[in-house]
Amino acid sequence: MLFHTHLFIFGFLPVALAAFFIAAKVNKRLPVFVLIAASLIFYAYWMPEVTLLLLGSIVFNYLAGLFLQSDRPKATRRLAVIAAIAIDLGLLAWFKYANFFTETLHALTGFGPGPLDIILPIGISFYTFTQIAYLVDSYKGEVKEKSFSSYVLFVTFFPHLIAGPVLHHKEMMPQFADPNTYRFNWLRITLGALLFAIGLWKKVVFADTMAPWANDAFNAADAGMIPELYTAWGGSLAYTLQIYFDFSGYSDMAVGLGLMFGIVLPINFDSPYRSLSIVDFWRRWHMTLSRFLRDYLYIPLGGNRNGDVSRYRNLFLTMLLGGLWHGASWLFVVWGALHGIYLIIAHLWGQAGLSLQRFVGKTAAPFAGWAITMFAVIIAWVFFRATTIGGAGDMLGGMAGMNGADPAVLMNFLADPRLWGVGSPIIVMLAAVLLPNSMWMVRQAERFLTDNKRAAILGGGLLTGVATFVGLIFIGAQNEFLYFQF
Amino acid sequence: MTHKSGADVDLDALGGGDAAASGKRGGKGARLFLLSMAGGLIASAAIASLAPENFIHSPPEFGMAEAFEDHVTAACAAKATPDLLIIGDSRAVAGVSAQDIASAGYSVEKFALGGSGIFTGWAVLDRLVDCGVRPKSVVMAYGSVHVLDTGAMMDRTTNYDLLKGPRAGHAFAKASEWEASTFRRLAYKAISVAGPELTGVDLVLLQPALRNVLEKPPAAISNNLGNEAERASFLASAGDRFYGKANGTSELPDEKQYTADQAVPQVNREASAAIADLGRTHGFDVVFYLLPVSETAKAKLPPELFETVEAFRQELEAMGIRPLNAVWTLPDADFGDPSHVNQRGRDAVTADFLARFAAGQLSRGGRAGEAHNRVSLTVQEGEQTGQ
C-alpha cells in the first residue's frame, strides 16, 4: 500500500487510527498488537507471500538477539553475531544482489546462469539494516527492552517499514514501552497531520511533476539518443529535485504518521540542497542511513582511529557500500564512489587549511560553496538515475556541452504551460533551496499551537487544508516512491 | 542560505519530550488547527465544485456534453414529438447522421454521446419522456462495444453529467439495482439518496481534469475556448460529429479490450427492457441498430465477442425491441479511426439505417413510406455477417 493513495488516506489510516486509540482504552498493550496487525496488513497488501519472509526474519533476529544478550562467553557470542549478520546479509544478497552477481559474472566470463526469477521483497534493505543494528547492540550489551511484541513492532511499524527512516531500537523500544505513547494526544495528531500534508504535497505536487521532465531526458539517453546541453541539464536538475522531494516527502509522511500514533520517528532530511559543503550535505541527506553507516560500518572499519590513509579508505568504502545498498547496479557503486571521493577531497581541503574565502572573498564564499556542492551532487545523481553507463556518459557529455546546444529546446521549455503550474520547475527549485523545511514548519506550528496563537493557527490550518486538497487532487500519478526499489 | 544544521537525529522535536508527558499540552490550539484545516479542505472542494467546468474539462467531450444538455433542455421546453429519437454512443454520433435523416424527411432528435452506453441511453430517454418529449420511434444505436461494456456507466464525467434533473435520483437508484459490482451498487445507491454533490462523485470525476489545470493553468483558457467551440458546433450539427478523420484504418477498435468469454452484463438487459417499457407506456416503438465494425476488426477480434452481441440482439425481440440489423462490417477505408466511421462510412451507415428503418416501418404500416430517400438494402445485405 502506498501512503499517497486514496485507499490509504481515506480507508486504511482512519481505520487503523480508530482501532489503535480504541484499543488503548481497553488495554495498555493492546495498541501494540493493533499496530502490528495494521502493519502486517499494510505490508501484505503488496504481496502477501513475502510477509512470511519478513516474519521469519523477525523471529530469527529476535532469537539471535536473545542469544547475544545472554551470559554466554564472549567468543561464542562473537561467533554468533557474525553468523547471524552473515545470514541476514546472505538473505539480502540473494533477494537483492543475486542477479547483479550472476549478470556481472556472465559479463566478465561469459559463463554463469542467466537472470534469475527473484522478486525483491519491498523494504528488505531497511528491515535488514534495522535488525543488524539490533544484533550488534545485543552483542555489545546495549539492548535493554526485550519484549517480543515491542521488537516486532519496532521492525514492522508501517510508517517506516518499506522505505525508512532507518530506525534504531534504542530510540523506538522505549517509546513502545511507555504508556504515554498510547494516550490520545491532540498535539501529536495535529502535528502528524500537518507533516503528512506537507509530505503529500512534496511527493505528489513537486516530485511527481518533476518526474516526466527527468524521465524524458534520461530514458532518451539510456535508449541511445544523445542529449544536447539544455536537455541534459534540464533532465539532471529535474531528477535532482524529484529524488529529494520524493524521498523527503515520503519521510515526512512517515514521521507524520508515526506522530499520529504517538511514535516519534527520527528526522531524515534537513534541507540538503542548502548545504554549503559535501560534508554538510551528508549531515542533511538521508540522515538515518548516514547514521547507520557511520555507527555500523565506518566506525567498525576503524573510523578515523588509524591515521589519515585508513580514515579515507574507510570513508571511501563506507560510501561505496552505501551506494551498493541503494541497488544492485554498478551505477549505484559509481554514485557511492563519487561521494566517497568528494568527501575525501573535502576533508583534505580542510586539512590543508584551505578555505573558499581566500579565493572568492567572505561574501561570495557561501554561494561558491553551495554552487560547488550542488554541482557535485547533481553530477553524482546522473549515475544514480541513469540505467546504463552509456546513458550516464551521454548525459554528462550533454551537460558539458559536448553535444551542442539547441536554443529551440530552451524556447520550448519557456513556452511549456507546466511552467505556470503549482508544480512548476521554477517553484520546485526555489522551494528546495529557499523555503524553510518541513521540520521547521512543524516546529513553528508546535509553538503556535502550544501558545494558542489563534490567528496563526487559523491561517495555518486553512492553508494546510487547501494544500491537502491540492495534494489529494494530484494523487493519481503512477509514480511509486523512488526509494521503494532500494 | 545558512541555518542551523541538523547534525543528528532530533527526537525532542515534533511533539516529543514534554508533549508525551502531557496529553493536554496544545490540545486547544490543535483542535482549532484541525478544524480550520478541515474548513480549508471543504472550502477548496466547494470552490472546485462550483468552478466553471468549461475551464476545467478538456475539449471536445465536455463541449459535446454541454451541447447535449442544451439539446435536452430545448427538447423538453418544446415538448418535442419527433418521428425519430436516437439514443446512442460515439459510433452513433459519427455514423448515424441526424442531418441526413432529416433530409430524408423525418423529424429527428439525436441524443448520442461518446462513452454513453445502453444504461445512460435509458436514463436520458427516461428524462426526456418525463419532461414531455413524445417520439414516434426510438432508435437505440450502439456499437458492439457498448453491448459488451461491463457496468452501468463508463467512468467519464460526461456520462454522469447526463444524469441530471428531477429523474437523476431515480436513474442512480436503477443503476444501483442493475449494476453487478457491489461497490458500485453501494456508491450509486448513496448518490441516489444524497445526490452527486454531497457524495463527492462530481469532485472525484473532476479530479484528473482539475489536476491538469493546476499543472498547466494556461490549459484552462484553451479548454474554455475549445469547449465553447465544440458546444456550438455539436449543436449546429444536430449531434453529428466525426472523431478520427483518417481515410481508413486497420487498427483494432475498443472491443480489443474484451476477452472471448465476455458476457453481456445484466445492466444492459435491464436497461434495454426498461427502454422497451417506456415505449409501451408512452406509445412509441423501439428499434435497435448496431453500428458496424471494420473488416479487419471482424477478422481479428475473437468471434465469440460478436456471437455474444448476436445472442443479445436475438433477445431483444422478446423484450419488445425490434432489431434492425445484425453484426456487420464496412471496409477499413470507411473508418476515420479504429472505432468510428469517416464521411464515406457515415454515408453508408446512414443509408443503411434509413433503408432498414423504412423497410421496418413499411412492414408495420408506419409512416416510413413517406421517406424520400429510400436506399436499397442489397449492397448492405452482402456485407452483413451472421445472417
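> Please give an account of the interface of chain B and chain A that cites residues and values.
When the parts of a complex come together, some accessible area is lost, and that lost area is often used as the size of the interface. At the junction of the two partners, chain B supplies 47 residues and chain A supplies 66 residues. At the boundary of chain B and chain A, one finds 0 salt bridges. The tally of links between chain B and chain A comes to 7 residue pairs in polar contact (both at pLDDT 80 or more). Elements with a minimum of two residues in the side of chain B that touches chain A: α1 (18-21), α2 (27-50) and α12 (201-215) of chain B. Ranked by residue count, the leading element in the side of chain B that touches chain A is α2 of chain B, at 16 residues.

> Lay out the pattern of salt bridges in plain terms, naming residues and giving numbers.
Opposite charge on two side chains permits pairing when their charged atoms draw close. All names here are of chain B. Scanning all chains against the criterion turns up 25 salt bridges over all chains. With a shortest N-O distance of 2.4 Å, R127 and E69 are connected by a salt bridge. You can see R127 sitting in helix α7 (residues 118-130) and its partner E69 sitting in helix α4 (residues 61-78), a full 58 residues away along the chain. Judged on exposure class, the residue R127 and its partner E69 are both buried. One connected set of salt bridges, linked through shared partners, spans E66, D70, E228 and R231.

> Could you give an account of helix α17 (residues 389-399) of chain A, with specific residues and numbers?
Along α17 of chain A, the residues classified as buried are G391, A392, M395, G397, G398 and M399 of chain A. Of the surrounding elements, those touching the buried residues of α17 of chain A are α9 (186-222), α10 (229-260), α14 (330-351) and α16 (365-385) of chain A.

> Requested: an account of the state of the cysteines, with residues and values cited.
Here, the word disulfide means a covalent bond between the sulfur atoms of two cysteines. All names here are of chain B. Taken as a whole and assessed by the stated rule, the structure comprises 1 disulfide over all chains. A sulfur-sulfur separation of 1.9 Å characterises the disulfide bridge that pairs C76 with C131. Where C76 bonds to C131 through sulfur, the torsion about that S-S bond is close to -80°, and the disulfide is left-handed. One end of the pair, C76, is in helix α4; the other, C131, is in the loop between α7 and β3 (137-142), and 55 residues separate them in sequence. Residue classification places C76 among the buried positions, given a relative accessible area of 16%.

About the thresholds
Residues numbered from 1 in each chain as written. Chains lettered and ligands numbered in written order. Predicted model: local features only at pLDDT ≥ 70, side-chain atom pairs only at ≥ 80, totals over all residues. Heavy atoms only, no water. Contact = heavy atoms within 4.5 Å. Salt bridge = Lys/Arg side-chain N within 4 Å of Asp/Glu carboxyl O. Polar contact = N/O pair within 3.5 Å; in protein donor to acceptor, adjacent residues only side chain to side chain. Helix = DSSP H or I, 4+ residues; strand = E, 2+ residues; numbered from the N terminus. Buried < 20%, exposed > 50% of the residue type's maximum accessible area, 1.4 Å probe, protein only. Disulfide = S-S within 2.5 Å.

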